[in-house]
Amino acid sequence: MVEPLYQTTITCPCCEQAYKTSRVRPSFKVAVRRDADFCTYYKSGAVNPEYYVVRVCPRCGFASTENAVQQLSERQKASYAARIGSSWQMRDYGGERSWQQALDCYKLALICAQTIGDKDRIIAGLLHHIAWLYREHGDQEQELRFLRFALDAYVRVYELEGSPDNQARLMYLMGELHRRLDEPYEAVKWFGRVINDKKIMDAAMIRASREQWQVLREDMLQKRLELPEELENPGRA
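Residues numbered from 1 in each chain as written. Predicted model: local features only at pLDDT ≥ 70, side-chain atom pairs only at ≥ 80, totals over all residues. Heavy atoms only, no water.

A. Expanded view of the environment of Q89. Its location among the elements puts Q89 in the loop between α1 (74-83) and α2 (99-116). For Q89, a relative accessible area of 58% gives the class exposed. Expressed as a C-alpha distance, the spacing of Q89 and C60, which sit 29 residues apart in the sequence, is 8.1 Å. (Helix = DSSP H or I, 4+ residues; strand = E, 2+ residues; numbered from the N terminus. Buried < 20%, exposed > 50% of the residue type's maximum accessible area, 1.4 Å probe, protein only.)

B. The arrangement of helix α3 (residues 120-137) in detail. Taking 1.5 Å per residue as the helical rise, α3 with its 18 residues ought to reach 26 Å, and the 26 Å between its terminal C-alpha atoms agrees with that figure. Of all 18 residues in α3, 14 are buried; the element is thus mostly enclosed. A positive phi of about 80 degrees marks G138, the residue just after α3. (Expected span 1.5 Å × (residues − 1).)

C. Looking closely at the side chain of D118. Here D118 is to be found in the loop between α2 and α3. K119 is the oppositely charged side chain nearest to the buried, salt-bridge-free D118, at an N-O distance of 6.7 Å. Engagement of the side chain of D118 in a polar contact is seen with the backbone nitrogen of V69, the distance being 3.3 Å. Those residues in contact with D118 that sit more than four places away from it in its chain are A68, V69, A113 and I123. (Lys, Arg positive; Asp, Glu negative; His and termini not counted. Salt bridge = Lys/Arg side-chain N within 4 Å of Asp/Glu carboxyl O. Polar contact = N/O pair within 3.5 Å; in protein donor to acceptor, adjacent residues only side chain to side chain. Contact = heavy atoms within 4.5 Å.)

As structure tokens, then:
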């Protein structure tokens, strides 16, 4: 019988030693539903692929994802050693992970990314994934706390990186996180930009923005909040 997990060899970007970490086979990544902010759910009892996104070096403790920086400068290594590496006690996250172990791995990757000065986009993604783990665990207070951190990081990405790549998705996400943080007037601004900016050709994000625009409108009507003028007309079809 084929097991859902398999092991792959990684070279640590920090200590440059090889180690093994587990991944989930593609055939076992069967999603059953997805939230509007892209949090994905899998069959009950199935292995959650999100638990294995972060790789942790058992020797030095450096944790990262495959999208993070792949080679550290001497300055980055020194920063990591001073803050984390010098007190790291060897442990191995290379096998099957519990929810708590997955959370520990993400938080370690977050601290590593912040310590070495990795891109805001990487940090935002880690914060968002931590919020999803808390959502899965039913801890709304911590979920909302990390959604706020993620939103702030996404705003920095939007303001500082200036890359056109995935701009529509980024703007949509900022709208959706504002909505989840009960900030409807900010949310509608971002959804409106995706819908009405003629330079945006991402049909999926335009459609998603229109759908969440309608959800937002219904929420505001239910709460008897004053609708901004933009909510009366969702823009281009």
